[in-house]
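# Report on the structure
Okay, here's what each chain looks like letter by letter:
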Amino acid sequence: MTEAPSAVTAEVRAAFDRHLACADQDAAVALTLDLVERGVPAEAVLLDLIAAAQHTVGLRWAENKWSVAQEHAATYVSEQCVAALSAAVRRPGDGAPEREVVVACVDREWHALPARILAEVLRLRGFSVAFLGAHVPAPHLLTYLHENGPDLVALSCMLPARLPHAHRLIEAAHLAGTPVMVGGPGFGADGLWARTLGADLWAGSAVQAARLLADRWPPALTGESALVHLADEEYGLLVRDRAALLQHLVDDLRERFPPMRAYTEQSYDATVEDLGHLLDFLAAGVFVDDETLLADFLAYTAAILASRGVPAAGLWEALRSLRGPLHRCPRALAQLSAGERRLVEEGIEPPP
């Protein structure tokens with residue numbers, strides 16, 4: 001909960017949504033600053049207006065009501081609103097010692113707005129924050145930590161497929177002697193995979209993160225990874241052979257799944273991209289040794305395909321196609337079987 005959740009009314013939210021739909025940056029920024037000037041807490045504006053509206057933006061894309069271009073335009077406007085609010089609101093000077101936090105997105109994570117909102121919430125609560133933005137590679141983070149010596153790294157991961165990259169950043173921070181707090185849906189329900197990767201703290205929201213740090217400052221290095229299963233090298237094989245596996249999938253599906261032969265160039269490219277995501281989520285599931293990761297991805301993808309009028313039967317064929325080249329990878333095969341069971345649970349029966 002924020003300090004004053006009722007301060008952002010339904011009418012205000014509706015107006016802000018309209019500004020995002022039109023990509024009207026000036027109007028959206030003016031509305032944001034007007035709320036602050038009228039005494040609405042900045043944290044409420046960040047969470048109850050901007051973050052809530054961005055959630056709706058994501059749903060509109062998932063339901064095929066908005067294009068990728070519309071989603072990107074709305075996200076850019078939201079980012080400008082956060083920047084304007086940050087410039088307009090001073091951090092409270094409570095005389096407390098500096099509490100230095102670095103906020104970053106894991107390598108290959110491009111959804112930076114949630115991390116930016118976290119950074120601003122922490123600033124509003126008196127922390128000194130450096131925001132490194134999207135897609136921060138582990139070597140770059142390690143160098144930054146050695147040069148600047150912050151007290152904590154806060155990492156954001158929105159997609160479970162990025163968990164192997166998150167682990168590398170956690171390891172890099174620990175090498176520098178810096179504790180790590182993680183957050184974002186990429187770490188699973190209740191931060192399940194955060195613990196697997198050895199994160200020191202997990203928070204389910206920006207407010208929870210701020211409260212957790214207030215209670216546990218200074219943070220301590222306590223996390224330990226639980227990745228002994230990686231000794232079987234299945235994850236390494238999936239990463240090393242990704243290009244070959246993707247080519248196998250594309251070639252095999254053209255034979256197994258006749259509708260693919262009639263795809264337009266745009267549909268074909270989108271399918272190849274989706275098959276790449278399938279391989280990435282499979283690899284991440286093997287990395288954390290959790291069969292629900294790929295299964296959840298398949299259920300989500302099936303819903304996305306349905307909203308776009310694309311038959312989900314292609315997912316079945318893709319899972320079947322992978323069994324051949326992965327026949328010596330028992331954990332990967334278990335992931336595929338769990339995915340097939342999930343498709344049946346979702347009412348998507350296998351083709352004959």
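To keep things clear, this report deals only with the structure shown in the data block. (Residues numbered from 1 in each chain as written. Predicted model: local features only at pLDDT ≥ 70, side-chain atom pairs only at ≥ 80, totals over all residues. Heavy atoms only, no water.)

## Let's talk about the overall build of the chain
Across its full length, the chain holds 15 helices and 5 strands. With respect to the three principal axes, the spread of C-alpha positions in the chain is 65 × 45 × 30 Å. Among the 352 residues that make up the chain, the fraction classed as buried is 47%. A separation threshold of at least 6 residues defines the contact pool for the chain, and within that pool the share at least 24 residues apart is 74%. A total of about 16,500 Å² of accessible surface is found on the chain, and carbon and sulfur atoms cover 54% of it. Taking the average place of the 29 positive charges on the side chains of the chain and the average place of its 46 negative ones, the gap between the two points comes to 2 Å. (Helix = DSSP H or I, 4+ residues; strand = E, 2+ residues; numbered from the N terminus. Buried < 20%, exposed > 50% of the residue type's maximum accessible area, 1.4 Å probe, protein only. Contact = heavy atoms within 4.5 Å. Areas by Shrake-Rupley, 256 points an atom, 1.4 Å probe, with all protein chains shown as cover. Lys, Arg positive; Asp, Glu negative; His and termini not counted. Charge placed at Lys NZ, Arg CZ, Asp CG, Glu CD.)

## Here we look at the packing of aromatic side chains
For the coordinates displayed, the defined rule picks out 3 aromatic pairs. Aromatic side chains F127 and W217 sit 5.6 Å apart centroid to centroid with 65° between the ring planes, which places their arrangement in the edge-to-face category. Highlighted residues: F127 in the loop between α5 (113-124) and β2 (128-136) and W217 in the loop between α9 (206-215) and α10 (234-240), separated in sequence by 90 residues. Classification of W217 as partly exposed rests on a relative accessible area of 23%. Ring centres of Y235 and F287 lie 4.8 Å apart, and the angle between their planes is 65°; on these two criteria the pair is classed as edge-to-face. Placement of the pair is Y235 in helix α10 and F287 in helix α12 (residues 265-288), with a sequence separation of 52 residues. Among the residues examined, Y235 registers a relative accessible area of 16% and is labelled buried. Residue F287 is classed as buried on the basis of its relative accessible area of 5%. When the ring centre of F127 is taken as reference, the NZ or CZ atom of R99 above it lies at 3.8 Å. (Phe/Tyr/Trp six-rings, centres within 6.5 Å; stacked < 30°, edge-to-face > 60°. Lys NZ or Arg CZ within 6 Å of the ring centre and 35° of its normal.)

## So, unusual backbone geometry
Leaving glycine aside, a negative phi is the common case for residues, and trans is the common case for peptide bonds. With omega at 0°, the peptide bond leading from W217 into P218 counts as cis. Take P218: it is sitting in the loop between α9 and α10. A positive phi angle, near 70°, is found at E233, a position not held by glycine. The topology assignment puts E233 in the loop between α9 and α10. The backbone of D289 sits at a positive phi, close to 60°, despite the residue not being glycine. Tracing the backbone shows D289 in the loop between α12 and α13 (291-307).

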